[in-house]
Amino acid sequence: MPLDADLCYRSLNARDTRFDGVFYVGVTSTGIYCRPICPTRVPRRDNCRFFANAATAERDGFRPCLRCRPELAPGLAPMDAVGRVAAAAVARIEAGALNEAGIEALATEMGLSGRQLRRSIEREYGVAPVELAQTRRLLLAKQLLTETQIKVADVAFASGFSSLRRFNHLFRSRYRLSPTALRRSTLCEAGGKDAVALRLAYRPPLDWDALLGVRVGRGAAGGEAADGERYLRAVRIGECAGWIAAAPIKNEAALRVEVASTLLPVLTPLLARLRRLFDLDANPQAITEHLSRDPRLSASLSRRRGLRVPGAFDGFELALRAVLGQQISVKAATTVFGRFARAYGEPVSTPFPALTHTGPRAALIAEAGLEEIAALGLPRTRAVTVRGLARAVTTGAVRLGPGTNPEQAVTALKELPGIGDWTAQYIAMRALRDPDAFPASDLGIYRSLGVSKPRDALAAAEGWRPWRAYAVLHLWLGYGGG
């Protein structure tokens, strides 16, 4: 990513939050790199070097600032990403794809050779894939050492290292202090019993009330709940199950997330999923500036500052909820979804009475009979769609995870019986994080725009590109639909 040094320095002087996570500044006189919002005195221009990501700063010998903490910087929104292949691969690396498998396995999964994938990432990001993965692991380890009381050995494994010796060596060589020395220099915040508490940063503002309302209002009883301002969720990733609780931190652009200790082995993919779930990498100021050109959206933009598109913790779960919601009310769909969660989720122990089981698993539904599925309250044709979706996700014919190409996924979804363009676009909006997804045949959009045909809705929304998904959410919340 080419950087305009003069623009970066002006942003640094202004401590402009829009650029937090977009670039980092390395200070040659101290050997430290910072976020552009760092509260320390702004260095002289000739002492500054600017980097597009933390990995390139660390590759060039800079170590992370202990005040602004680069590990807390929000990431880049989907439309900010560079080359599509490189961006998709980096999304998977951020979610821990290289923690258990190598670059060759990731390349094969993406239909590339290892050499092609390395060259693509190096061309767009300036560093090798392994350097990106190492920086992500080290920064997560630094956050865990700073914010939690987890034992150093457990920090190493929770952040993705397979060897404590390797972790200690890399930490010392990169950051010029040992993990235990960093731990002694910081005050750790304790989570609840059998839990750790971490912060997830975002670019302000954030409409948490709307985000919480959409998430819980369309979730499954027993799997998701609200406790005041806190969002609660039962979680399963692989063989690990537990719970999370998230809420905004007052006077800080960050969420406080409590994570059950049983989820520490999958902390890297868990945190990546939570960022997607809450759309924390969006740049609301840029989105608002673009959409505010349309007077039809101005009232909602003023009323709902920092509105995010709620994502999906699990792509299949969101897709299932979308299919179950076809042609019935939100309340009815939520009821049926709850039945699926109880039938095809798994019990989980949590300190919250409202959380009793995890979400439905594709593999279990894929093996179920049509009569069994229909007995949960579906017509047989919808049961066929549900089982077909589950089997497609289980076999990999449809991919709904990080880094998935939305266009390819939409095409694959529409090939399944009972899934049309509206459902596929809705899944792209939320599960695939496509900021430009647009369910053109939606009745709420018709009412808002005063049209009656998809082609007219598409024409009316052309000026919203590349943020049509955010415009859609403004329209839906304005009409109480979606």
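Provided above is the structure to which this section pertains.
As a starting point, this report considers the structure included with it. (Residues numbered from 1 in each chain as written. Predicted model: local features only at pLDDT ≥ 70, side-chain atom pairs only at ≥ 80, totals over all residues. Heavy atoms only, no water.)

1. Re the overall build of the chain
- If you tally the helices and strands in the chain, you get 24 helices and 9 strands.
- Here the C-alpha atoms of the chain give a radius of gyration of 22 Å, agreeing with the 23 Å that 2.2 N^0.38 yields for 482 residues.
- With respect to the three principal axes, the spread of C-alpha positions in the chain is 65 × 50 × 50 Å.
- Buried residues in the chain amount to 56% of all 482 residues.
- The contacts of the chain with a sequence gap of at least 6 include a subset with a gap of at least 24, amounting to 67%.
- Put simply, the chain shows about 20400 Å² of open surface, and 51% of that area lies on carbon and sulfur atoms.
- Taken as two groups, the 66 positive and 46 negative side-chain charges of the chain have centres that lie 2 Å from each other. (Helix = DSSP H or I, 4+ residues; strand = E, 2+ residues; numbered from the N terminus. Rg over C-alpha atoms; globule rule 2.2 N^0.38 Å. Buried < 20%, exposed > 50% of the residue type's maximum accessible area, 1.4 Å probe, protein only. Contact = heavy atoms within 4.5 Å. Areas by Shrake-Rupley, 256 points an atom, 1.4 Å probe, with all protein chains shown as cover. Lys, Arg positive; Asp, Glu negative; His and termini not counted. Charge placed at Lys NZ, Arg CZ, Asp CG, Glu CD.)

2. Some points on the sheet that holds strand S3 (residues 48-51)
- Spatially, the 4 strands line up as an open sheet ordered S3-S1-S2-S4, and their pairing is mixed. Bordering the open sheet on either side are S3 and strand S4 (63-64), each of which pairs with just one other strand.
- Pairing between strand S1 (residues 24-27) and strand S2 (residues 32-34): 3 bridges, direction antiparallel. Counterpart to Gly-26 in the pairing with S2 is Tyr-33. (Pairing = 2+ DSSP bridges.)

3. Let's talk about the pattern of salt bridges
- Per the counting criterion, the structure on display carries 31 salt bridges.
- The residue Glu-58 makes a salt bridge to Arg-174 at a minimum N-O spacing of 2.6 Å. Taken as a pair, Glu-58 in helix H2 (residues 54-59) and Arg-174 in helix H9 (residues 164-175) lie far apart in primary sequence, 116 residues in all. The two residues Glu-58 and Arg-174 agree in class, both being buried.
- Through salt bridges with shared partners, a single ionic network connects Arg-69, Glu-71, Lys-142, Glu-147, Arg-199 and Glu-252. (Salt bridge = Lys/Arg side-chain N within 4 Å of Asp/Glu carboxyl O.)

4. Considering the packing of helix H15 (residues 315-324) against helix H21 (residues 421-430)
- Where H15 meets H21, the axes come as close as 10 Å, and the angle between the chain directions of the two elements is 145°. You can see that H15 and H21 cross each other, and the crossing is right-handed. Contacts between H15 and H21 involve Leu-318, Ala-319, Ala-322 and Val-323 from the first element and Thr-423, Tyr-426, Ile-427 and Arg-430 from the second.
- Here the contact of H15 with H21 is composed, by residue class, of 6 nonpolar, 1 polar and 1 charged. (Axes fitted to C-alpha atoms, helices over the stretch in contact; angles between N-to-C directions. Left-handed = near helix turned anticlockwise from the far one by under 90°. Nonpolar A, V, L, I, M, F, W, Y, C, P; charged D, E, K, R; others polar.)

5. What to know about the sheet that holds strand S5 (residues 195-201)
- The strand order S5-S9-S8-S7-S6 describes an open sheet built from 5 strands, whose pairing is antiparallel. The open sheet is flanked by S5 and strand S6 (224-227), the only strands paired with a single partner. Between one strand axis and the next, the sheet turns by 25° as a mean value, whatever way the strands run.
- In the sheet, S6 pairs with strand S7 (residues 230-237) via 4 bridges, with the strands oriented antiparallel. Paired with Ala-225 across the two strands is Leu-232, which belongs to S7.
- Taken strand by strand, helix H11 (residues 208-217) contacts S6, S7, strand S8 (240-248) and strand S9 (254-260), and its axis lies near 50° from that of S7.

6. Here's the deal with the packing of helix H3 (residues 84-94) against helix H6 (residues 114-125)
- As a packed pair, H3 and H6 sit with axes 9 Å apart at the nearest point and diverge in direction by 95°. Viewed along their axes, H3 and H6 adopt a mutual orientation that is roughly perpendicular. On H6, the residues touching Val-85, Ala-86, Ala-87, Ala-89, Val-90 and Ile-93 of H3 are Leu-117, Ser-120, Ile-121, Glu-124 and Tyr-125.
- Each residue belonging to the contact of H3 with H6 can be placed in one class, and the counts come to 9 nonpolar, 1 polar and 1 charged. (Parallel < 35°, antiparallel > 145°, perpendicular 65-115°, else oblique.)

7. Here's the deal with helix H16 (residues 330-344)
- Between its first and last C-alpha, H16 extends 21 Å over 15 residues, near the 21 Å set by a 1.5 Å rise per residue.
- Residues Ala-333, Thr-334, Val-336, Phe-337, Gly-338, Phe-340, Ala-341 and Tyr-344 constitute the buried set of H16.
- Where H16 is buried, its residues touch H11, H15, helix H17 (362-366), helix H18 (370-374) and helix H19 (380-395). (Expected span 1.5 Å × (residues − 1).)

8. Regarding the side chain of Thr-268
- Counting through the fold element by element, Thr-268 comes out in helix H12 (residues 267-277).
- The class for Thr-268 is buried, based on a relative accessible area of 9%.

9. Quick word on the packing of aromatic side chains
- Across all of its chains, the model carries 16 aromatic pairs by this definition.
- Where Trp-208 meets Phe-278, the ring centres are 5.3 Å apart and the plane angle is 55°; that geometry is what we call tilted. Taken as a pair, Trp-208 in helix H11 and Phe-278 in the loop between H12 and helix H13 (284-291) lie far apart in primary sequence, 70 residues in all.
- Accessibility expressed as a relative area gives 6% for Trp-208, which makes it buried.
- Three or more aromatic residues joined by ring pairs form one cluster here, namely Phe-161, Phe-167, Phe-171 and Tyr-175.
- The ring of Tyr-9 carries the charged tip of Arg-45 above its face, separated from the ring centre by 5.9 Å. (Phe/Tyr/Trp six-rings, centres within 6.5 Å; stacked < 30°, edge-to-face > 60°. Lys NZ or Arg CZ within 6 Å of the ring centre and 35° of its normal.)

10. Brief notes about the environment of Leu-200
- The residue Leu-200 is located in strand S5 in this model.
- Taking C-alpha positions, Leu-200 is 30 Å from Arg-44, a pair spaced 156 residues apart along the chain.

11. Describing the nonpolar core
- Counting residues in each nonpolar core, the largest one holds 68 residues, and the members touching the most others are Leu-291, Phe-340, Ile-365, Ile-373, Val-386, Leu-413 and Trp-464.
- Phe-62, Ala-73, Leu-170 and Leu-277 belong to the second largest nonpolar core, which has 52 residues in total. (Core = buried A, V, L, I, M, F, W, Y, C linked by side-chain atoms within 4.5 Å.)

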